[in-house]
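Listed here are the chains, written in short residue letters.
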Amino acid sequence: LEFVKKCLIDAKFVEPQEIKAMEKVIRKEVQLAVVEAKKGSRPNPETDLLKHVYAADTSTFPGNQEYPPFIRMPDFAKSFTAPKN
């Protein structure tokens with residue numbers, strides 16, 4: 001991140017004060033997110049582990065639980081194609 005900040009300042013895309021202001025906003029947002037996350041309950045591994053792994057949030061898009069047609073593994077030989085329904 002320091003390299004990116006330096007490049008942005010050197011290229012005169014932003015002033016150092018602007019970056020400091022952005023960092024302050026980001027830090028506050030992260031702190032609020034951490035507090036909110038700590039308020040919540042821990043996920044249940046039996047019911048939540050595979051929830052929304054291959055799909056968008058189903059509360060927003062009901063029925064969107066499709067698996068991708070092909071899953072590429074690091075070792076190509078272990079890759080697999082989803083079964084056809």
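Student: Would you mind going over the overall build of the protein chain with me for this structure?
Tutor: What the protein chain contains, in helices and strands, is 3 helices and 2 strands. Per-residue burial for the protein chain yields a buried fraction of 7% across its 85 residues. A sequence separation of at least 24 residues applies to 0% of the contacts in the protein chain between residues at least 6 apart. As displayed, the protein chain offers around 8,200 Å² of accessible surface, 62% of which is attributable to carbon and sulfur atoms.

Student: Can you help me understand the pattern of salt bridges in this one?
Tutor: Pairing is possible between side chains that carry opposite charge, provided their charged atoms lie close to one another. Overall, the coordinates contain 5 salt bridges when judged by the stated rule. When the shortest N-O distance is used, the salt bridge between Lys5 and Glu2 registers 2.9 Å. Here Lys5 pairs with Glu2, and both are found in helix α1 (residues 2–10), just 3 residues apart, close to one helical turn. A residue is classified by how much of its surface remains accessible, and Lys5, at 18% relative accessible area, is buried. As a salt-bridge pair, Glu36 and Lys39 come within 3.8 Å of each other at their nearest N and O atoms.

Student: In this structure, what is going on with unusual backbone geometry? I would like to understand it.
Tutor: Trans is the common state for peptide bonds, and a negative phi is the common state for residues other than glycine. Backbone geometry places Lys12, a non-glycine residue, at a positive phi of 60°. Relative to the helices and strands, Lys12 is located in the loop between α1 and α2 (16–39). We classify Lys12 as exposed; its relative accessible area is 70%.

Student: In this structure, what is going on with a nonpolar patch on the surface? I would like to understand it.
Tutor: A cluster of nonpolar residues, Phe3, Val4, Leu8 and Phe13, forms a patch on the protein surface that exposes about 440 Å² of accessible area. Inspection of the secondary structure assignment puts Val4 in helix α1.

What counts, and at which threshold
- Residues numbered from 1 in each chain as written.
- Predicted model: local features only at pLDDT ≥ 70, side-chain atom pairs only at ≥ 80, totals over all residues.
- Heavy atoms only, no water.
- Helix = DSSP H or I, 4+ residues; strand = E, 2+ residues; numbered from the N terminus.
- Buried < 20%, exposed > 50% of the residue type's maximum accessible area, 1.4 Å probe, protein only.
- Contact = heavy atoms within 4.5 Å.
- Areas by Shrake-Rupley, 256 points an atom, 1.4 Å probe, with all protein chains shown as cover.
- Salt bridge = Lys/Arg side-chain N within 4 Å of Asp/Glu carboxyl O.
- Patch = residues over 30% accessible without salt bridge, like charges linked within 9 Å, V, L, I, M, F, W, Y side chains within 5 Å.

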